[in-house]
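Geometric and topological summary
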Amino acid sequence: MKHQVIHTDNAPKAIGPYSQAVKAGNMLFVSGQVPFVPETMEIVEGDVKAQTAQSLKNVQAILAEAGLDFSHVVKSTVFIKDMNEFAQINEVYAEFFGENKPARACVEVARLPKDVKVEIEVIAVI
Ligand SMILES: C=C(N)C(=O)O
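Please read all numbers here as calculations on a predicted model, not as lab measurements.

1. With respect to the site of the ligand
All residues adjacent to the ligand are Y18, G32 and E119. Contacts to the ligand include G32, whose backbone N or O atom sits 3.0 Å from a nitrogen atom. For the ligand, whose free accessible area comes to 210 Å², the fraction covered by protein is 72%.

2. Here's the deal with the nonpolar core
Counting residues in hydrophobic clusters, the biggest one holds 24 residues, and the most contacted among them are L28, L63 and V122. Looking at this core, the elements with two or more residues in it are β3 (27-33), α1 (48-65), β6 (73-80), α2 (86-97) and β8 (118-125). No other element matches α1, which puts six residues into this core. Counting five residues, the second-largest nonpolar core is a separate cluster that includes V34, F36, F79 and L112.

3. Some details on the pattern of salt bridges
Taken as a whole, this structure holds three salt bridges when the rule is applied. For K49, the salt bridge goes to E91, with nearest N and O atoms at 2.7 Å. Of this pair, K49 sits in helix α1 while E91 sits in helix α2, and the two are 42 residues apart along the sequence. Taking relative accessible area as the criterion, K49 reaches 28% and is therefore assigned partly exposed.

4. Description of α1
Under the 1.5 Å per step criterion, the end-to-end length of α1 is 26 Å for 18 residues, consistent within 8% with the ideal 26 Å. Taken together, the buried positions of α1 are V48, Q51, T52, A53, Q54, S55, L56, N58, V59, A61, I62 and L63. For α1, the side-chain oxygen to backbone nitrogen distance between the N-cap and K49 is 3.1 Å, and the N-cap itself is D47.

5. Overview of unusual backbone geometry
Phi at K114 takes a positive value of approximately 60 degrees, unusual for a residue other than glycine. The topology assignment puts K114 in the loop between β7 (103-108) and β8. The phi torsion at D115 lies on the positive side, around 60 degrees, for a residue other than glycine. In this fold, D115 is placed in the loop between β7 and β8.

6. Regarding α2
Along its twelve residues, α2 runs 16 Å from first to last C-alpha, staying within 8% of the 16 Å computed at 1.5 Å per residue. Every buried residue of α2 is listed here: I89, V92, Y93 and F97. One side of α2 holds all its buried residues, which, seen down the axis, span an arc of 130 degrees. Those residues of α2 that are exposed and aimed more than 90 degrees away from the buried face are A87 and E95. Where α2 is buried, its residues touch α1, β6, β7 and β8. Downstream of α2 by one or two residues, G98 has phi in the positive range, about 60 degrees.

Rules used in this analysis
- Residues numbered from 1 in each chain as written.
- Predicted model: local features only at pLDDT ≥ 70, side-chain atom pairs only at ≥ 80, totals over all residues.
- Heavy atoms only, no water.
- Near = heavy atom within 4 Å.
- Polar contact = N/O pair within 3.5 Å; in protein donor to acceptor, adjacent residues only side chain to side chain.
- Areas by Shrake-Rupley, 256 points an atom, 1.4 Å probe, with all protein chains shown as cover.
- Core = buried A, V, L, I, M, F, W, Y, C linked by side-chain atoms within 4.5 Å.
- Buried < 20%, exposed > 50% of the residue type's maximum accessible area, 1.4 Å probe, protein only.
- Helix = DSSP H or I, 4+ residues; strand = E, 2+ residues; numbered from the N terminus.
- Salt bridge = Lys/Arg side-chain N within 4 Å of Asp/Glu carboxyl O.
- Expected span 1.5 Å × (residues − 1).
- Arc of directions from axis to C-beta.
- Contact = heavy atoms within 4.5 Å.

Okay, here's the thing in structure tokens:
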């Protein structure tokens, strides 16, 4: 099965040797999105809620490039720097996903790339 690399300028360029997303069959694997503003490649200003919103806007842009939206997402992983911010992250996350609540794992990690507070990856079914 040949896979297809998905790229959009509406989400941050990869900051390492990976693709923004890869489509394989009827599945779309979106790489972990950090809260970079695509135009500047700088971390969005603001608190963990602003960072969560920016990470999810980046996910949204990549889904859109593949013709999808959050309703197609079946699994996500949320990597966070500080579990004390769990509730704030959930508040923003719930706004983006609405009625669709994919399977999810949420883990606190020692460190994230560029020392961001949150990184979010998703898997969608086309
Ligand atoms: C930010 C990433 N997704 C990475 O470094 O893999």
